[in-house]
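Inside the fold
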Amino acid sequence: MVVKTTQDMPTSLIPHDSLRKAWEFLHAVHKLHQRVSGKRALLLYGGSGEGKTFTVKQYLSLFPTIKTAEVLKAPVFYCRLDESKKTPDDLLCILILALGQTPPKGKPRAGVLLHQFKTLVREKCIELFIIDEIQQVLPKTDGQRALEMLKFLCALIDAEDLQTSFVFVGSTRAMHLLAFGACENTVDDNEQLSRRMLRPVKLDRIEPRSPQWIRVTNYFVQKIGFRELVVPDDKELFDRIYLAYTERAFSTLEDLFLDEERPNYIEDTPQLLAYLSERFLLTSKRAINPFDTEQMDADEVDEAMQCVKQDYFKQLEAED
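About the cut-offs
Residues numbered from 1 in each chain as written. Predicted model: local features only at pLDDT ≥ 70, side-chain atom pairs only at ≥ 80, totals over all residues. Heavy atoms only, no water. Helix = DSSP H or I, 4+ residues; strand = E, 2+ residues; numbered from the N terminus. Buried < 20%, exposed > 50% of the residue type's maximum accessible area, 1.4 Å probe, protein only. Axes fitted to C-alpha atoms, helices over the stretch in contact; angles between N-to-C directions. Parallel < 35°, antiparallel > 145°, perpendicular 65-115°, else oblique. Left-handed = near helix turned anticlockwise from the far one by under 90°. Contact = heavy atoms within 4.5 Å. Nonpolar A, V, L, I, M, F, W, Y, C, P; charged D, E, K, R; others polar. 1 Å grid on protein atoms, 1.4 Å probe; cavity = no way out; pocket = protein on both sides within 12 Å on 5 of 7 lines; lining within 4 Å. Points joined across faces, edges and corners; volume = space filled by probe spheres on them. Expected span 1.5 Å × (residues − 1). Arc of directions from axis to C-beta. Core = buried A, V, L, I, M, F, W, Y, C linked by side-chain atoms within 4.5 Å.

1. Looking at unusual backbone geometry
Residue Pro 232 follows Val 231 across a cis peptide bond; omega there is 15°. If you trace the backbone, Pro 232 turns up in the loop between helix 7 (211-221) and helix 8 (235-248). Backbone geometry at Arg 209 places phi at a positive 55°, although glycine is not the residue there. Inspection of the secondary structure puts Arg 209 in the loop between strand 7 (201-203) and helix 7. Assessed through its relative accessible area of 28%, Arg 209 is described here as partly exposed.

This is how it looks when you write it as structure tokens:
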């Protein structure tokens, strides 16, 4: 069931380099699911709104559930952790519920939950299991509880009785899964998760006023039937959209351009600004609306973008 090539990316995938890289790594880890030994998992991480969940759900959409007389088969399965999970058994209970079954009541005997989980995964023929918000399994500090969870994740990846690869999706804090035990005065971790992982993929913020920003912006404006934007004619419009993007990244762009009741055609720039201004008022918590020309004129937009560019490159330097 694996997608044959990474060229099978859907046209609905946003044309952003880090999203494409994430797609390629999803494809690569999916192909490894039939390995008996030496299997690998994948970590996708980044800030809120950077497109992590969007990308994995686009991948998920290529593998619809298959209904048989016995069971619903799901080649790719997605589960989101909405609250903190303190122990492996806590996590297993949530995964079992997501798979459509009920865990045993009370405190089960050792191994019962894991056996039930593995049985469900095999029955549903799951090749790629995606766990979103994986940082929810991390305690605030390293310790015995963190070590137990880490060893459990290692055991899932290594399981020879499962033909399944695992993808973990999370915030930047999720990177601690790979760095666990590396600092002084922490538990000595002999079961390093990093050894079982492909190179982690970080989903990055787009550089302002870059060719990539032009591609991404045009991807979205064409969703509402507007013409292709070009530089320098539409420089101010590109900047206004970027200022909105700085709030919640791709989540903001989806709110602005992918509403179910969005128009099929917008005639000119004033009409587009009016539409985006209304959408921004509905979906944003910011006091300043970058699409309101009375709140921000062209000079104020340019001044704000200069500050945004400086902050962007300062952040890059800090990460290096």
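Further notes follow.
2. Some remarks on the packing of helix 3 (residues 88-98) against helix 4 (residues 112-123)
Helix packing geometry: the angle between the two helix axes and the distance between the axes. Here helix 3 crosses helix 4 at 30°, and the two axes come no closer than 10 Å. Between helix 3 and helix 4, the angle is such that the two are roughly parallel. At the point where helix 3 passes helix 4, the crossing takes the left-handed sense. Along its contact with helix 3, which presents Asp 89, Leu 92, Cys 93, Leu 95 and Ile 96, the element helix 4 presents Leu 113, Leu 114, Gln 116, Phe 117 and Leu 120. A per-class count over the contact of helix 3 with helix 4 returns 8 nonpolar, 1 polar and 1 charged.

3. Considering the layout of surface pockets
Roughly 370 Å³ of volume is contained in the largest pocket. Elements with a contribution of two residues or more to the lining of the largest pocket: strand 7, helix 8 and helix 11 (298-319). The greatest single-element share of the lining of the largest pocket, amounting to 6 residues, is contributed by helix 11. Here the residues of the lining of the largest pocket sort into 5 nonpolar, 4 polar and 6 charged.

4. Some points on helix 11
For helix 11, built from 22 residues, the straight-helix expectation of 32 Å at 1.5 Å per residue is met to within 8% by its first-to-last C-alpha distance of 32 Å. Burial in helix 11 covers these residues: Val 301, Met 305, Val 308 and Tyr 312. For helix 11, the arc enclosing every buried residue in end-on projection is 60°, short of the 170-degree limit, so these residues lie on one face. For helix 11, the exposed residues set more than 90 degrees away from the buried face come down to Asp 299, Glu 303, Lys 314, Glu 317 and Ala 318.

5. Observations concerning the nonpolar core
Judged by nonpolar contacts, the single largest core of 55 residues is most densely connected at Leu 44, Val 167, Trp 213, Ile 241, Leu 253 and Phe 257. The element best represented in this core is helix 8, accounting for 7 residues. Setting aside residues up to four positions removed in sequence, Phe 257 forms contacts with Phe 220, Val 221, Lys 223, Ile 224, Ile 241, Arg 262 and Leu 276. Residues Ala 41, Ala 74, Phe 77 and Leu 156 belong to the second largest nonpolar core, which totals 38 residues.

Functional significance is not addressed by these values, which are geometric in nature.
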